[in-house]
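Chain by chain, the residues run as shown.
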Amino acid sequence: MNPLFRFIAELQDVSLLLWRSIISLRHGPRYFAETLRQMDMIGVGSLPIVLLTGFFTGGVLVLQTYPTLEYYSIQNESGRSVATSLIRELGPVLSALMVSGRIGSAISAELGSMVVSQQIEAMRALGTDPIRKLVVPRIAALILMLPLLTVAADIFGLIGGGIVANYIYSQDVQVFVESVRNGISTKDIVGGMIKPLFFGLIIGVVACHKGLSTRGGTVGVGRSVTNSVVTASIWVIIFDFFLAKALQYLLDIGRL
Amino acid sequence: MLANEGNSVLPLSDDVEFSDMEEAVDAPERIAPVIEFRDICLAFDEKVILDGISFSVRRGETKIILGRSGGGKSTIIRLILGLIKPDAGRILIDGEDITDYDEPELMQVRQKIGMVFQEGALFDSLPVYENVAYRLREQGTEEEEVDAEVRRMLRFVALEDAIDKMPNELSGGMRRRVGIARALVGDPEIVLFDEPTAGLDPPTARTICELAIKLRDLHDVSSIFVTHEMNNLRYLSSEYAVIDENGEVRFEKEGGRLCMINTEIMMLRDGKIGFQGKDEELMRSDDPYIRTFVHGK
Ligand SMILES: Nc1ncnc2c1ncn2[C@@H]1O[C@H](COP(=O)(O)OP(=O)(O)OP(=O)(O)O)[C@@H](O)[C@H]1O
Ligand SMILES: [Mg+2]
């Protein structure tokens, strides 16, 4: 099959899964307990890695930009530069990539092994819709938790940046905090929260789709996991560009 | 629902009164098939698995399916549940044509079917208790009732001790029995057994056959029983369950005088039905293919 055709077929399957998830919300059983469990796993479980990522990203941003800013004698604005890049871009994208690696892979592995061990069939045979029971709670949990994780990553990034500015470049904490506060607007924060909603959706739908379409035993599960992480990550990065453009237009952010 | 002895056996010789028995057998709801396949064809890729299969199973009847490994037995069972769709032909469950049903409609139909998977297919993230309770939980049954039912089912398959274990702590045979308990919870009117005794020791296999016989004769359950083992076939097609004066379940042999009409054998052969009939006919057949199946050579 040629790659373009395969891509379109895949896109169709993913959209179909998304559509079926959405219409299953209309009526019938909803699995709140399962959703809560997933939120706990996704949110609380991913917190450490997301915090670490945020912290060191913020730190390295200051570490790398401070000398340049100092050259132009605007080192007092270092807080602003970290804040904008973190909140607009790096916070959402890096959190999404970390979550895709940790949760997307876990979801597709779990669903994939349920497929190959006939548990999905058993579930259908027992009268439960796997989309309702497995897919919807996972996507919902990702959509709800990723923005929160992103905020946590942003905050830890700013802390990391502040620590580097203070300890390595001996900048006064007050100055750093002041410049952060000047640097970010409500719009930035809103924009930074909207992106992860979409990223959560992408990661969830792609991981569930890859998991449920697993073929060919344990080897197939491995393949699904890899595919799921790679596909979701690429889509996150591509979507980020278009979302950034859309947000620039809609919220009028991204300009100074 | 208890069926009397008359439903499960018909007398062969004249000295047995059978007018009332005929009546029971001829009642319309007994004649109408519970499962019906009409000319079902199915191919995976280029490979034809089922090629015009038609058969039906009446209420309280057990259909034993024999066939080569890879011959499409599990496929038939998955078709009944609507897990896969046929390429051509119609499938009727309880007179309802389910061939074109969508998932939500099939969910309704599946409520009355219990399925024992060949590989067990237990949910390995859930303990035994939750596995067995699965269907009741989905139906929103009260906790007390769930508990009582799960314990009753696990007692039925002699696995009460394993109630808190996880599936990966069980042996293959134990997993199979949990699978059986899970399928039987909620008293489905149709039960599909996919090689339920494969790899089990003879006494346990016998217990499972007794279970199937009890469901057939005492609970009026229609079932499909896929098996490779001649022992199972012999038990199922020559013994019947009755409740004696003390309320105990007893198994009796049909012997030479009776012929059970509620158990039929169907053999798949190259995607078609190679044989369909009673065990006596199967045993007497001198078709070489059938003889290799029955006698192993
Ligand atoms: N999803 C599928 N995709 C492609 N081929 C399949 C699929 N499921 C089953 N088959 C093929 O269909 C044939 C029948 O399979 P089925 O599982 O029904 O056999 P079976 O009679 O139950 O065998 P066994 O006694 O070994 O369990 C096999 O040749 C198998 O390769
Ligand atoms: Mg099989």
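A short tour of the structure in this document, coming up. (Residues numbered from 1 in each chain as written. Chains lettered and ligands numbered in written order. Predicted model: local features only at pLDDT ≥ 70, side-chain atom pairs only at ≥ 80, totals over all residues. Heavy atoms only, no water.)

1. Focus on the side chain of Ser108 of chain A
Moving on, step 1. Tracing the chain through its elements places Ser108 of chain A in helix H3 (residues 78-116).
Moving on, step 2. The residues contacting Ser108 of chain A, other than those within four sequence positions of it, are Ala207, Lys210, Gly211, Ser224, Val225 and Ser228 of chain A. (Helix = DSSP H or I, 4+ residues; strand = E, 2+ residues; numbered from the N terminus. Contact = heavy atoms within 4.5 Å.)

2. With respect to the nonpolar core
Moving on, step 1. By size, the foremost hydrophobic cluster in this structure holds 74 residues, and its most contacted members are Ile35, Phe37, Ile76, Ile80, Leu192 and Ile224 of chain B.
Moving on, step 2. Top contributing element to this core by residue count: helix H5 (residues 130-167) of chain A, with 11 residues.
Moving on, step 3. Look past the residues within four positions of Leu192 of chain B in its chain and what remains in contact with it is Ile35, Ile77, Ile80, Leu81, Ile113, Gly114, Met115, Val116 and Ile224 of chain B.
Moving on, step 4. Val132, Val146, Met230 and Leu236 of chain B belong to the second-largest nonpolar core, a separate cluster that totals 48 residues. (Core = buried A, V, L, I, M, F, W, Y, C linked by side-chain atoms within 4.5 Å. Buried < 20%, exposed > 50% of the residue type's maximum accessible area, 1.4 Å probe, protein only.)

3. A few points about the coordination of the magnesium ion (ligand 2)
All names here are of chain B.
Moving on, step 1. Looking at the magnesium ion (ligand 2), the protein donor atoms are Ser74 (OG) and Gln118 (OE1), and they sit 1.9 to 2.3 Å from it. Here Gln118 lies in the loop between strand E7 (113-116) and helix H6 (128-138) and Ser74 lies in helix H4 (residues 73-80), a separation of 44 residues in the sequence.
Moving on, step 2. On the basis of relative accessible area, Ser74 is assigned to the partly exposed category, the value being 23%.
Moving on, step 3. By relative accessible area, which is 27% here, Gln118 ends up partly exposed. (Donors = N, O, S within 2.8 Å, 3.2 Å for Na, K, Ca; no water.)

4. Some remarks on the packing of helix H2 (residues 32-71) of chain A against H5 of chain A
Residue and element names in this part refer to chain A.
Moving on, step 1. With their axes 6 Å apart at the nearest point, H2 and H5 run at an angle of 25 degrees to one another. Looking at the two axes, H2 sits roughly parallel to H5. You can see that H2 and H5 cross each other, and the crossing is right-handed.
Moving on, step 2. Classifying every residue of the contact of H2 with H5 gives 22 nonpolar, 10 polar and three charged. (Axes fitted to C-alpha atoms, helices over the stretch in contact; angles between N-to-C directions. Parallel < 35°, antiparallel > 145°, perpendicular 65-115°, else oblique. Left-handed = near helix turned anticlockwise from the far one by under 90°. Nonpolar A, V, L, I, M, F, W, Y, C, P; charged D, E, K, R; others polar.)

5. Observations concerning the environment of Leu50 of chain B
Residue and element names in this part refer to chain B.
Moving on, step 1. In this structure, Leu50 sits in strand E3 (residues 47-58).
Moving on, step 2. For Leu50, a relative accessible area of 0% puts it in the buried group.
Moving on, step 3. In this structure, the C-alpha to C-alpha distance between Leu50 and Tyr129, residues 79 residues apart in sequence, is 37 Å.
Moving on, step 4. Every residue in contact with Leu50, bar those within four places of it in the chain, is listed here: Ile40, Cys41, Leu42, Gly71, Gly72, Thr75, Ile76, Leu79 and Gly271.

6. Side note on the interface of chain A and chain B
Moving on, step 1. The interface of chain A with chain B comprises 16 residues on the first partner and 19 residues on the second.
Moving on, step 2. For the chain A and chain B pair, buried surface summed over both sides reaches about 1700 Å², with 53% attributable to carbon and sulfur atoms.
Moving on, step 3. Along the contact surface separating chain A from chain B lie three salt bridges.
Moving on, step 4. One salt bridge connects Glu121 of chain A with Arg78 of chain B, and the closest N-O pair in it is separated by 3.0 Å.
Moving on, step 5. Between the two partners, chain A and chain B, sit 10 residue pairs in polar contact (both at pLDDT 80 or more).
Moving on, step 6. The biggest single contributor to the side of chain A that touches chain B is helix H4 (residues 119-125) of chain A, with six residues. (Buried area = accessible area lost by both parts, 1.4 Å probe. Salt bridge = Lys/Arg side-chain N within 4 Å of Asp/Glu carboxyl O. Polar contact = N/O pair within 3.5 Å; in protein donor to acceptor, adjacent residues only side chain to side chain.)

7. Comments concerning the pattern of salt bridges
Residues and elements named next belong to chain B.
Moving on, step 1. Applying the stated criterion across every chain, the model contains 36 salt bridges over all chains.
Moving on, step 2. In this structure, the salt-bridge partner of Lys272 is Asp51, at a minimum N-O distance of 2.6 Å. Linking Lys272 in strand E14 (residues 272-277) with Asp51 in strand E3, this pair joins segments that are 221 residues apart in sequence.
Moving on, step 3. For the salt bridge of Glu143 with Arg137, the shortest nitrogen-to-oxygen distance reads 3.0 Å.
Moving on, step 4. For Arg137, a relative accessible area of 32% translates into the label partly exposed.

8. Re the site of ligand 1
All names here are of chain B.
Moving on, step 1. Around ligand 1 sit 15 residues in total, of which Lys47, Ser69, Ser74, Thr75 and Gln118 are the nearest.
Moving on, step 2. At 3.1 Å, a backbone N or O of Gly71 approaches an oxygen atom of ligand 1.
Moving on, step 3. Against a free-state accessible area of 640 Å², the protein chains account for coverage of 66% of ligand 1.
Moving on, step 4. Of all the elements in the fold, those that place two or more residues in the shell around ligand 1 are E3 and H4.
Moving on, step 5. Looking at the shell around ligand 1 residue by residue, the classes come out as two nonpolar, eight polar and five charged. (Near = heavy atom within 4 Å. Areas by Shrake-Rupley, 256 points an atom, 1.4 Å probe, with all protein chains shown as cover.)

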